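Each chain, written out:
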Amino acid sequence: MSLRLDDEKDLVAGTIAGGFRLLKFPDALEAAYRTDNARRGAEVIRRIMPWVTPLWVAAAGALLLSFGDTATPWVTNSLLPVGVAIGWLWAMIASRQLEKAVHLHVGLALLVAQFANLRTVFLLGEHPFSLFVILQAIYLLLILFTLPRMRLLPAAACAVLPAVLALVSAVIEGYTVDWLSFAQFYGNTVMLGIVIGYVLEHRDRLAWLQTRQLDIGMRDLEALRLQSEAESRLQRLTGEYLEQVAGNLTATEIAGRSLRFLVERTAVQVGTIYLVE
């Protein structure tokens, strides 16, 4: 939905002046914000993927080479699903589908990776590598609430859903679940992520509004400049025309000079004046 410049100016100024506690704009602004937010989110993902991929390869390789069979459960159950998520995002980038639904693709990738991490925590139990997988899950939470620019509610859903699925899977497969420890390491981190996500989204929305307001101001200045140039040109042409028809001229001379003046300044091919008697 497109807005007239004056309507957009009033809407942006009113939203900034009134403040917004809920993370939602008026409908016309909300649609524009989400479109721009998705574009910026896709750009962030494209920029970080060349860094994330070699780090993942290096981590998996180092684990297998350094710890061998000891690290196999971690690599198989946690790092490989993370690699699948990374591969999915690369496929979406290559097919140019990322921009069309960036939050959906990123959310699914992080959901799969986080489910694998949490399931691996239950699988490893007291194994020393369990701590590293826990840290890996916390890193993914921080990424979820910061880099992809997802809205708060979808981000929270992508954080809670894999935890529920992992707990159900652990119970079905008969793993030991330390509910208190799980709530401490994951629940507290999710709550922190929600707070961080709220603050970041609020700041992002405010910055977007201020940028929008600045852009409107620049468009206003450009419109005033064009109007001023048009008025100056009209005054100059009026003065030149009055010079052309000044003096004690006949109607035929006035008509001829007027026609010549118009033809020269409008670049037309033919000009005609009809005299009705």
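In case you missed it, the structure is sitting above this.
Residues numbered from 1 in each chain as written. Predicted model: local features only at pLDDT ≥ 70, side-chain atom pairs only at ≥ 80, totals over all residues. Heavy atoms only, no water.

(A) Summary view of the layout of surface pockets. Of the volumes computed, that of the largest pocket is approximately 620 Å³. Lining of the largest pocket is provided by 26 residues; of these, Val-52, Val-82, Ile-86, Leu-140 and Ile-143 occupy positions nearest its centre. Those elements giving two or more residues to the lining of the largest pocket turn out to be helix H2 (27-67), helix H3 (72-94), helix H4 (102-124) and helix H5 (129-144). Looking at the lining of the largest pocket element by element, the count peaks at eight residues for H2. Looking at the lining of the largest pocket residue by residue, the class counts come to 24 nonpolar, two polar and no charged. There is about 310 Å³ of room inside the second largest pocket. Split into classes, the residues belonging to the lining of the second largest pocket amount to seven nonpolar, five polar and two charged. (1 Å grid on protein atoms, 1.4 Å probe; cavity = no way out; pocket = protein on both sides within 12 Å on 5 of 7 lines; lining within 4 Å. Points joined across faces, edges and corners; volume = space filled by probe spheres on them. Helix = DSSP H or I, 4+ residues; strand = E, 2+ residues; numbered from the N terminus. Nonpolar A, V, L, I, M, F, W, Y, C, P; charged D, E, K, R; others polar.)

(B) Region of the structure containing empty space enclosed by the protein. This structure, assessed with the given rule, holds one cavity of 30 Å³ or more. Size it by volume and the largest cavity reaches roughly 30 Å³. The wall of the largest cavity is formed by Leu-110, Leu-111, Gln-114, Leu-140, Leu-141, Leu-144 and Cys-158. Counting only elements with at least two residues in the lining of the largest cavity, the list comes to H4 and H5.

(C) Structural detail: the packing of aromatic side chains. The full count for this structure, using the stated rule, is 12 aromatic pairs. Here the aromatic rings of Phe-25 and Trp-208 are separated by 5.8 Å at their centres, their planes lie at 20°, and the arrangement is stacked. With Phe-25 in the loop between helix H1 (5-18) and H2 and Trp-208 in helix H7 (residues 179-244), this pair connects stretches of sequence that are 183 residues apart. Each member of the pair, Phe-25 together with Trp-208, is buried. Ring centres of Phe-182 and Phe-185 lie 5.6 Å apart, and the angle between their planes is 85°; this geometry places the pair in the edge-to-face category. Of this pair, Phe-182 and Phe-185 both sit in helix H7, three residues apart, which is roughly one turn of the helix. This pair shows no difference in class: Phe-182 is buried, exactly as Phe-185 is. Aromatic ring contacts, followed pair by pair, group Phe-67, Trp-74, Phe-129 and Phe-132 into a single cluster. Sitting above the plane of the Phe-25 ring, Arg-205 keeps its charged end 4.8 Å from the centroid. (Phe/Tyr/Trp six-rings, centres within 6.5 Å; stacked < 30°, edge-to-face > 60°. Buried < 20%, exposed > 50% of the residue type's maximum accessible area, 1.4 Å probe, protein only. Lys NZ or Arg CZ within 6 Å of the ring centre and 35° of its normal.)

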